[in-house]
Amino acid sequence: GLFRAIQSGRFFYMGTGTCLCHPSYVDDVVAGLIACGGGRARPGEVYHICGPRPVTIRELAEAIARALDVRPPRLHLPVPLVRAGAWAAELVARVARIEPPLSLEGVRFFTESRAFSIDKARCELGWSPQVDLDEGVRRAVAWYRAQGML
């Protein structure tokens with residue numbers, strides 16, 4: 001949905017677009033899970049398996065726009081306004097028994113930072129992600145297009 005929203009020009013930033021997310025390319029996640037099962041992981045320990053670095057929502061959206069060869073999003077809406085709209089959309093959707101176009105959970109996703117340290121996985125598992133943001137997004141766009149999803 002995020003890729004299609006950016007492609008169609010419907011994506012907007014909730015607030016400044018500077019909260020952090022930590023995208024991970026699927027091949028890196030699989031390699032990290034294999035590393036966890038490879039005998040080096042300590043039982044009961046938690047390892048963060050994610051991309052090379054956290055990025056802002058703006059960086060993510062701009063990377064997706066570049067890969068899609070479309071104009072990057074420009075519109076910023078205040079978070080309280082978006083939250084109110086999502087609340088109303090959920091209410092209407094519940095009555096109509098449809099999926100809301102925007103949910104309160106979606107607002108939280110785009111307005112609350114999630115960034116992790118992968119140092120423990122690097123040190124203890126010998127694992128490091130290999131695919132950076134631009135390459136991962138480029139591969140994702142190619143896959144979505146091959147599947148007819150974009």
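Data block above holds the structure.
Residues numbered from 1 in each chain as written. Predicted model: local features only at pLDDT ≥ 70, side-chain atom pairs only at ≥ 80, totals over all residues. Heavy atoms only, no water.

A.B. asks: With reference to specific residues and values, describe the overall build of the protein.
C.D. replies: Within the protein one finds seven helices and four strands. Ordered by position from the N terminus, the helices and strands of the protein form the series α-β-β-α-β-α-β-α-α-α-α. Seen through its principal axes, the protein has C-alpha atoms that stretch 50 × 35 × 30 Å. At a minimum sequence separation of 6, the contacts of the protein that also span at least 24 residues come to 78%. On the protein, roughly 9,100 Å² of surface is accessible, and the fraction owed to carbon and sulfur atoms is 58%. (Helix = DSSP H or I, 4+ residues; strand = E, 2+ residues; numbered from the N terminus. Contact = heavy atoms within 4.5 Å. Areas by Shrake-Rupley, 256 points an atom, 1.4 Å probe, with all protein chains shown as cover.)

A.B. asks: Tell me about the environment of Asp119, and please be specific about residues and values.
C.D. replies: Among the structural elements, Asp119 can be located in helix 6 (residues 119-125). C-alpha of Asp119 to C-alpha of Ile49: the two residues are 70 residues apart in sequence and 9.8 Å apart in space.

A.B. asks: How would you summarise the nonpolar core if you had to cite specific residues and measurements?
C.D. replies: In terms of nonpolar packing, the biggest core is built from 24 residues, with Ile6, Phe11, Ile57, Leu60, Ile64 and Val137 touching the most fellow members. Broken down by secondary-structure element, the contributors of at least two residues to this core are helix 1 (2-8), strand 1 (13-14), helix 3 (57-68), helix 4 (79-96), helix 5 (104-111) and helix 7 (133-146). Looking at this core, the element that brings in the most residues is helix 3, giving seven residues. Contact partners of Ile57, with chain neighbours within four places excluded, come to Phe11, Tyr13, Gly17, Cys19, Cys21, Phe109 and Phe110. (Core = buried A, V, L, I, M, F, W, Y, C linked by side-chain atoms within 4.5 Å. Buried < 20%, exposed > 50% of the residue type's maximum accessible area, 1.4 Å probe, protein only.)

A.B. asks: Could you give me a rundown of the packing of helix 3 against helix 7, with the residues and numbers involved?
C.D. replies: Two numbers describe how helix 3 lies on helix 7: the axes approach to 9 Å, and their chain directions differ by 50°. As the angle between them shows, helix 3 and helix 7 are arranged oblique. Of the two elements, helix 3 crosses helix 7, and the hand of that crossing is right-handed. Within the contact between the two elements, helix 3 uses Glu59, Leu60, Ala63, Ile64, Arg66, Ala67 and Leu68 and helix 7 uses Leu133, Asp134, Val137, Arg138, Val141 and Arg145. (Axes fitted to C-alpha atoms, helices over the stretch in contact; angles between N-to-C directions. Parallel < 35°, antiparallel > 145°, perpendicular 65-115°, else oblique. Left-handed = near helix turned anticlockwise from the far one by under 90°.)

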